[in-house]
Each structure stands twice: as structure tokens, then as C-alpha cells.
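As a plain string of letters, each chain reads:
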Amino acid sequence: MLLEVKDIHVHYGKIAALHGVSLEVDEGEIVTLIGANGAGKTTTLKTISGLRPLSRGKIMFDGADISRVAGHKRVLSGIGQAPEGRGIFPGMTVTENLMMGCYARKGDVSRDLAQVFELFPRLAERKDQAGGTMSGGEQQMLAIGRALMTNPRVLLLDEPSMGLAPKLIQQIFSIIQEINRRGTTVLLVEQNAQQALQVAHRAYVIETGEIVKSAEASALLDDPEVRAAYLGGGADRPVGGSEPEQAAGAPEEPRDG
Amino acid sequence: MKATHNVHNFLEQFWPSTVDGLALGSIYALIALGYTMVYGVLRLINFAHSEIFMIGTMAVIGALHALGVSSLYGGLGLVGFVIVLAFLAGLASGASAVVLELVAYRPLRKKGASRLAALISAIGASLFLQQLFARIVIPEAFDLPKEKGALPVQGHFVERDNVIEIGDLVISNDKLIIFVGAILMMVALDQFVNRTRLGRGIRATAQDPETAVLMGVNIDRIVTATFAIGGAMAGVAAALFMLRFEEAKFDVGFLLGIKAFTAAVLGGIGNLRGALAGGLVLGLVEMYGAALFGTQWQHVIAFSVLVLVLMFRPTGILGESLQQARA
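Residues numbered from 1 in each chain as written. Chains lettered and ligands numbered in written order. Predicted model: local features only at pLDDT ≥ 70, side-chain atom pairs only at ≥ 80, totals over all residues. Heavy atoms only, no water.

1. Observations concerning the overall build of chain A
Short version of the rule: Numbering of helices and strands starts at the N terminus; helices are DSSP runs of H or I of at least 4 residues and strands are runs of E of at least 2. Atoms counted for the radius of gyration: C-alpha only. Globule rule: 2.2 Å times residue count to the power 0.38. Throughout, exposure labels follow a simple rule: accessible area from a 1.4 Å probe, protein chains only, divided by the maximum for the residue type, with under 20% read as buried, over 50% as exposed, and the rest as partly exposed. Under the convention used here, a 1.4 Å probe and the Shrake-Rupley method define accessible areas, while residue burial counts only the protein chains that appear.
The number of helices and strands found in chain A is ten helices and ten strands. Radius of gyration (C-alpha) of chain A: 18 Å, near the 18 Å computed for a compact globule of 257 residues. C-alpha atoms of chain A, sized along the principal axes, occupy 50 × 40 × 30 Å. Across the 257 residues in chain A, those meeting the buried criterion constitute 56%. About 10,500 Å² of surface is accessible on chain A, with carbon and sulfur atoms providing 48% of the total.

Have a look at this one:
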């Protein structure tokens, strides 16, 4: 297993945001984590990247326990993330934003930069524009491109489709598949379950800080409970049981976008 | 009658006020950099920054005593000597700022304490450093009886003369060095922040600290660098201050610190070029105001500027900040 999250618990103050999330991502896979707003998807990714401390459980990456490794060191070991809200540095140009991706890494990066520009020709056209003045879709491309500049073994994507027009969403998801074809493992967090399940190999469903289901992505597409809760199938009962989805203790991850 | 007298006085004093204002404003600007950089990265007003400046002035006086300087310097010799003093003071202030952060701020940050807690810690550190110097460091360093530690200590090394005289415009060597020195430091810092890897790390952290971590930026190291650079700039400001005033005491930073903070707010806190603009504008406003209304109003005018800016344009003259700006 490339990435193993084992029964992690994360608290904001006294409130539990995650209580016992476990998931696995194998080399070469696209794995998606779907769930409603506030279910704990973003917190899971932030904890994997070391931005949130965990109070229990552990995170293994490539066989090593990285639970206590500082966030900035996890990037070097191969965990890259395009965060929720994209996290573009508004005062930096497109190129400067991309170069931040290889901040911690030594050596020649011109090939990586050329690859990102090839994957996102739009970024090449706008390479001297300030990141803050770009459209939502362009910013998302920049966030993914910048994460690729960290040369990741696993790429964590937090809601890449958020706020984008359907056509752009299609484009972003096909680029995610292309990135995976070129050998990068992907852990994709999405509210847009339909799209996510179509590109992923396997999927997990998270509700109020707990994983309630895991299966092949194609199986979940046909799962009546998942269809009902996340794919617009009509019924409004969440997958995990009787509680309404926003009721229990998982607080909304503070947003910065 | 009074008004015409004032205006007459102002016109007569215009060029001297301009020169004095720019010299004073240059010192404000260099100190303001420390406030603005730390604010940009940590959203913290480092109120102990005024004591970091004071430590710089003491380093200069200490160096003058240690070197046994008795002759006065003028001309190019003075320029060289000021560079040496600025280097020493920058080192002392920069190192003190790094220690200050480690002791007074970092433990709070690691515990996730509120910004109010950090602010109170800043005020505490400021008072602590003042008293430490008044009661122990200054008496020990300058062989003074304990009760005299709060009195000013001197360091004379400047032979003043006028280097530029064009009609009413008279510029003395010390003021010229202050102005040129401050501008050079600002340009160097601007280049550093925009062109070096560490500078990019500082900008990234100011714009979005969590994403900076995702890029592999070690925030602790960036914070240390920010305090070191801001402190060093205050040290250089201290050397330039000593060039002009040749004496300092334990609370010399207090008023200057608040003025520099005003300059930082005036220029737009978090904005490096704003610190320069704010410093120079504040220096000029103060000196013009003093010429118009009398020197006793100098501080009132400066702080009225602070209140007015906070009321009507809280983002400052240049508006955008280190978080947004290219610089």
C-alpha cells in the first residue's frame, strides 16, 4: 500500500471532526472519498498532509509511519496536494505559483515545468499573469499544476470541481485521468460524486467523520443508498443510517475561499 | 495675525523642514519594516520591536566605547564607519529579534493561543526588555551606578558639515547618509523578497500559510528569517539614529516605535513599499506641522495622522498588502 490511513481521530478543540477514518490508496490507483459538506473530507486530506494533528490512529506512507512528521517534510517524501479553495498565491504570477511547488526540492525543474505547461496549455498562455486575477477554472488548473511541481507520488485533490461550469468540470476530470495514466496515484475528494465515481477505481463514503462504505467505484454508482444520498436518486436518507447528515458532531471545515 | 506669522514661519522653514522630515522619515521607514513584515507573516503587532531598535542603539554606543572612539569622523571616513556600526547594530538587533520570537511568541503559537494572547506577550516583552536594560544591562555595560541606568548614554563620533548648499536647501552629511542609507536598505530588501528563494517563502507564507506548508515551506524557519530581517533593519535604523542624535536610553524606542508603527499603518500594514512611503510622509507631516504650529505639537500631529488613517483609510496609502502585492 502506498498510503494507509488507520483509524485516525482529529479534534477541533473538544469537537471531534474525524472519529476513526481508515482508508487505503494503492500505487497507481485513483481513489475517491465522497461525502456531504462538513462530513470530514477536507479534514482527512489536511491531516494526511500534516496540516492538522491527529489525536489517535496513524498514517503510513510507503511503509513508514508519518503521523508525527512535520507537514513541510511530507511534501518532500511525495505527498502533494491541491487544497480546497485552490490556495493560489494571489500576488504571485502563474510561473511563480508553479515554482512554489518545487520550493523544497533541489535540481533542475525545467522539465517538470514544461510538462505542466503541456498538460495545461492555458497556464502557459498566462504565465506572467497574477494568480489572483485568474478565473476559477484557471486557478484550479494552476493549483493542480503546482501540486504536480512537488513531484508527488500521491496527489491529493480537494474538490477540484467546486464552483466550476460543467464543461470545465469535464475537462478537469479528464486531466486527472491523464495524470493518473502517466503514473501518479490520486486521492480525490469530491462532493460531485457522479463525476468522481466515474473516474475512480475505488471509493469511500464519509459521513460525519466516519467511513460508512467502501467499494469499487463502479459498484457504488449502482448502489441504491449511494444513489439516493449523493447521486440525486430522490430519497434524502444518508447512507450510514438514521441520522440526518448535518446533525452530529463534525463541524464544517473553515473555508478560506 | 498669528496665522500669517505661522505661514510666514512655515515658508521660511520649508526647506529645512523638508530635509529634517525626510531624514526622520527614513528612520521611521526602516523601523516600520519590522512591524510590517512580522504582521504580514504572523498577523501579529510585535510591540517589542521598539526595544529591538533600542538594543541597536545600545550596540552602537557599546561599540563606540569598546573601540575607544574619541575622534570625530567626517567625509568618506564617516560613511565607512557608519556602515560598520550599522552592521554591528543590525547583528545585535536581528539576533535579539530572533530570540524574542523564540521566547515570547513561538511557545504561544505552538499552543494555538489567540492573537490577543500574543499581543499581551508582546507588551510584556517590551516592558521586560526596557527594565532589563535600565536596571542591569546599561549600568553594567557602561560602568554606571545602578540608579543611573535610566539616564541617556552618549556616543559622539560625527563631525557634521554641510555637503549640499543650494540657496535655502542645506543638507548636512549626517542627514544625507541617513536618507541614502535607508533608501539603499529598502531597495535591497525589496530585491531580496522578490528575487530569492527565502523571499518567495516569506511572500507565500504571508499570502497563504497553509498552502505554503503544502509547498514544503518550513514556516518556523520563515518566521525566524522574518524576525531576523525586520530586527536587522531596526538595527540599521538605530545606527542612523545615533548618527543624528548621538544619545539613547532604555526607552528611546517607545515613541519612535509608535511613530514607526503609525508609518506602517499609514503606508498599509503588511506592505513593504508602503512602509517607506508611510515613513517619509509621516516624517514630512511632522516637520511641516512643527513649522506651522510649533514643535510642541509634533507628536500630536503624528498621532492625529494615525487616528485619521485608521478612521478613513484603514488599509493605508498604498492599500494592498504583502498578502496581495507583488512586492
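2. Overview of the sheet that holds strand S5 (residues 64–65) of chain A
What counts here: Any two strands are treated as partners once DSSP identifies two or more bridges connecting them.
The sheet built from four strands is open, its strands ordered S2-S1-S4-S5 (chain A) with antiparallel pairing. The sheet terminates laterally at strand S2 (15–25) and S5 of chain A, the two strands that pair on one side only.

3. Structural notes on the confidence of the model for chain A
Caution applies to low-pLDDT regions: their predicted coordinates should not be interpreted in detail. The condition is simple: By definition, pLDDT measures how confident the predictor is in each residue, and it falls between 0 and 100. Contacts are residue-level and defined by heavy atoms, with any inter-residue pair within 4.5 Å sufficient.
Of the residues in chain A, 90% reach a pLDDT of 70 or more, and the chain-wide mean stands at 90. Every residue in residues 241–252 of chain A scores below 50 in pLDDT, and together they form 24 contacts with partners more than four places removed in sequence or on other chains.

4. A few points about the pairing of strand S9 (residues 202–207) of chain A
All names here are of chain A. Counting buried residues along S9, six of its six residues qualify, which places the element largely inside the surrounding structure. Because side chains alternate across S9, one face comprises the buried residues Arg-202, Tyr-204 and Ile-206, and the other comprises Ala-203, Val-205 and Glu-207, equally buried. Inspection of the sheet shows strand S3 (residues 30–35) paired to S9 by five bridges, in the parallel sense. The residue bridging Leu-33 from the neighbouring strand is Tyr-204, located in S9. As paired elements, S9 and strand S10 (residues 210–216) share six bridges and run antiparallel to each other. If you follow Ala-203 over to S10, its bridge partner there is Ala-215.

5. Things to note about the interface of chain A and chain B
For the record, the criterion: We define buried area as the total accessible area lost by two parts upon association, computed with a 1.4 Å probe and summed across both. Only one rule defines a salt bridge in this text: a Lys or Arg side-chain nitrogen within 4 Å of an Asp or Glu carboxyl oxygen. Residues adjacent in sequence count toward polar contacts only when both atoms are side-chain atoms; beyond that, a polar contact is any pair of N or O atoms within 3.5 Å, and within protein one must be able to donate a hydrogen and the other to accept it.
Taken residue by residue, the interface counts 23 residues in chain A and 23 residues in chain B. Across the interface of chain A and chain B, roughly 2,200 Å² is buried in total on both sides, 59% from carbon and sulfur atoms. In terms of surface lost to chain B, no three residues of chain A exceed A:His72, A:Phe89 and A:Tyr103, which account for 32% of the buried area on that side. Put simply, chain A and chain B have three salt bridges between them. Between A:Lys46 and B:Glu210 there is a salt bridge, with its nearest N and O atoms 3.0 Å apart. Across the contact surface, chain A and chain B share six residue pairs in polar contact (both at pLDDT 80 or more).

6. A closer look at the layout of surface pockets
To keep things clear, this is the line we draw: Using only the protein atoms, space was sampled on a 1 Å grid; points where a 1.4 Å probe fits but cannot get out form cavities, open sets with protein on both sides within 12 Å along at least five of seven lines form pockets, and lining residues are those with an atom within 4 Å of a point. Grid points are joined across faces, edges and corners, and a volume is the space filled by probe spheres set on the points.
Of the pockets and cavities examined, the largest pocket occupies roughly 1,600 Å³. If you go around the largest pocket, you meet 39 residues; those closest to its centre are A:Leu51, B:Arg109, B:Pro209, B:Glu210 and B:Ile219. Listing elements by their share of the lining of the largest pocket, those giving two or more residues are helix H2 (71–77) of chain A together with helix H2 (14–42), helix H4 (75–110), helix H5 (115–141), helix H7 (197–207), helix H8 (209–214) and helix H9 (219–245) of chain B. When residues in the lining of the largest pocket are grouped by element, the largest group, four residues, is from H4(B).

7. A few points about the pattern of salt bridges
All names here are of chain B. All told, the structure shown has 29 salt bridges over all chains when counted by the stated rule. Here Asp-190 ties to Arg-273 by a salt bridge, and the two come within 2.7 Å at their closest N and O atoms. Note that Asp-190 is positioned in helix H6 (residues 173–195) and Arg-273 in helix H11 (residues 272–293), a separation of 83 residues in sequence. The exposure class of Asp-190 is buried, given its relative accessible area of 13%. A residue is classified by how much of its surface remains accessible, and Arg-273, at 46% relative accessible area, is partly exposed.

8. Some points on the pairing of strand S4 (residues 56–61) of chain A
Residue and element names in this part refer to chain A. Where strand S1 (residues 3–12) lies against S4, five bridges are found, and the strand directions are antiparallel. The partner of Val-5 across the bridge, within S4, is Ile-59. The sheet contact formed by S4 and S5 spans two bridges and is antiparallel. Considered in S5, the bridge of Phe-61 is made with Ala-64. Turn length for the S4-S5 hairpin, with the two strands adjacent in sequence and antiparallel, is two residues, and the turn residue Asp-62 shows positive phi of about 55 degrees.

9. Here we look at the packing of aromatic side chains
Inclusion rule: Stacked, edge-to-face and tilted labels apply to pairs of Phe, Tyr and Trp rings (six-membered ring for Trp) whose centres lie within 6.5 Å, assigned for plane angles under 30 degrees, over 60, and everything in between, in that order. Here, a charge over a ring is recorded when the distance from Lys NZ or Arg CZ to the ring centre is within 6 Å and its angle to the ring normal is within 35 degrees.
Inspection of every chain in the model, using the stated rule, returns eleven aromatic pairs over all chains. Consider the rings of B:Phe10 and B:Phe14, whose centres lie 6.1 Å apart with planes at 80 degrees: the pair is edge-to-face. With a relative accessible area of 17%, B:Phe10 lands in the buried category. For B:Phe14, a relative accessible area of 28% corresponds to the partly exposed category. Ring centres of B:Phe47 and B:Phe261 lie 5.8 Å apart, and the angle between their planes is 55 degrees; on these two criteria the pair is classed as tilted. With B:Phe47 in the loop between H2 and helix H3 (49–66) and B:Phe261 in helix H10 (residues 252–267), this residue pair connects regions lying 214 residues apart in the sequence. Residue B:Phe47 is classed as partly exposed on the basis of its relative accessible area, which comes to 29%. Classification of B:Phe261 as buried rests on a relative accessible area of 15%. Connected via pairs of aromatic rings, a cluster forms that spans B:Phe10, B:Phe14, B:Trp15 and B:Tyr288. One cation-aromatic arrangement involves B:Arg197 over A:Tyr103; the distance from NZ or CZ to the ring centre is 4.2 Å. Seen from the ring of B:Phe245, B:Arg244 lies directly overhead, with NZ or CZ sitting 5.4 Å from the centre.

10. Describing a nonpolar patch on the surface
What counts, and what does not: Here, patches come from residues exposed beyond 30% relative accessible area and free of salt bridges, joined within 9 Å for like charges and within 5 Å for nonpolar side chains (Val, Leu, Ile, Met, Phe, Trp, Tyr).
A contiguous nonpolar surface patch, about 380 Å² in accessible area, is contributed by B:Val84, B:Phe87, B:Leu88 and B:Leu91. If you trace the backbone, B:Leu91 turns up in helix H4.

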